[in-house]
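Below, each chain spelled out in residue letters.
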Amino acid sequence: MRFNSIASFNEYLRVAAPKHPFVDVGEYPKSMLMTSGPVHPNFYRVSLKYGLEHEKGKGYMYFSSPNQPIQWKAQTPWNGFYINITEDLVSTNQHLQYSFLNYGLHEPLFLNEAEELIITRQFEEITKEYSKKDYSLDLVLAYCNLIFAHVSQCYKRQFGERKKEYNALVNDFFHLLDTYYIQKGNGEIV
């Protein structure tokens, strides 16, 4: 199933209709659709979700790009926030163009407690602005930029940690490999 508009996708999810055709921001409602087979929204999706009972330091973020298939099967309603934003709006606002928007579901961002606090506050602020009758699209986009800039920094931290883990893993592998060949060759490298 393909969704070319945020409005049709929100209707499918049982989420409130967007206030703007090119961007939608909100908190996941308890009434949201809990299970779905593959669907293809034709816009970017940014999701901040929390562990059960909103445990601190258990926040994570997922991203999907236009027409990327997504599916889910939730046991309990999600806690968290979302941003849906069209490709046209991102492409005409250079400050919103971040590579992580295309990472997809295979590269989630796991937030530490301090990052979760900062990003949660930003989502609360953007949601508060968007819920106003006379909300400012410029402010909504500025909040998106601020959230995206923080997400970019969080990914740098996450990738840095992985690099250290990867380097340690590679070093351990080469040490084991050297040890194996030394033992096989009775002290001589084979």
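On a predicted model such as this, the values are computed, not experimentally measured, just so you know. (Residues numbered from 1 in each chain as written. Predicted model: local features only at pLDDT ≥ 70, side-chain atom pairs only at ≥ 80, totals over all residues. Heavy atoms only, no water.)

It is worth spelling out the pattern of salt bridges at this point. Between side chains of opposite charge, a pair can form as their charged atoms come close. All chains considered together, the criterion is met by 3 salt bridges. Notably, a salt bridge pairs R157 with E115, separated by 2.7 Å at the nearest N-O pair. With R157 in helix α4 (residues 137-184) and E115 in helix α3 (residues 113-131), this pair connects stretches of sequence that are 42 residues apart. Looking at R157, the relative accessible area reads 21%, which means it is partly exposed. By relative accessible area, E115 is classed as buried at 10%. (Salt bridge = Lys/Arg side-chain N within 4 Å of Asp/Glu carboxyl O. Helix = DSSP H or I, 4+ residues; strand = E, 2+ residues; numbered from the N terminus. Buried < 20%, exposed > 50% of the residue type's maximum accessible area, 1.4 Å probe, protein only.)

Next up on the list: the sheet that holds strand β1 (residues 2-3). Reading across the sheet, the 3 strands line up as β1-β3-β6 and stay open at both edges, with mixed pairing between neighbours. Each end of this open sheet is capped by a strand with a single partner; those strands are β1 and β6 (70-73). Pairing analysis gives 2 bridges linking β1 to strand β3 (residues 35-41), with the strands arranged parallel. Looking across to β3, one finds that F3 is bridged to P41. (Pairing = 2+ DSSP bridges.)

Moving on to the layout of surface pockets. Empty space among the atoms becomes visible once a probe the size of a water molecule is rolled across them. Here the largest pocket defines a volume of roughly 230 Å³. Lining of the largest pocket is provided by 15 residues; of these, K49, I70, Q71, W78 and L105 occupy positions nearest its centre. Going through the elements one at a time, α1 (6-13), β4 (44-49), β5 (60-64) and β6 are the ones with two or more residues in the lining of the largest pocket. (1 Å grid on protein atoms, 1.4 Å probe; cavity = no way out; pocket = protein on both sides within 12 Å on 5 of 7 lines; lining within 4 Å. Points joined across faces, edges and corners; volume = space filled by probe spheres on them.)

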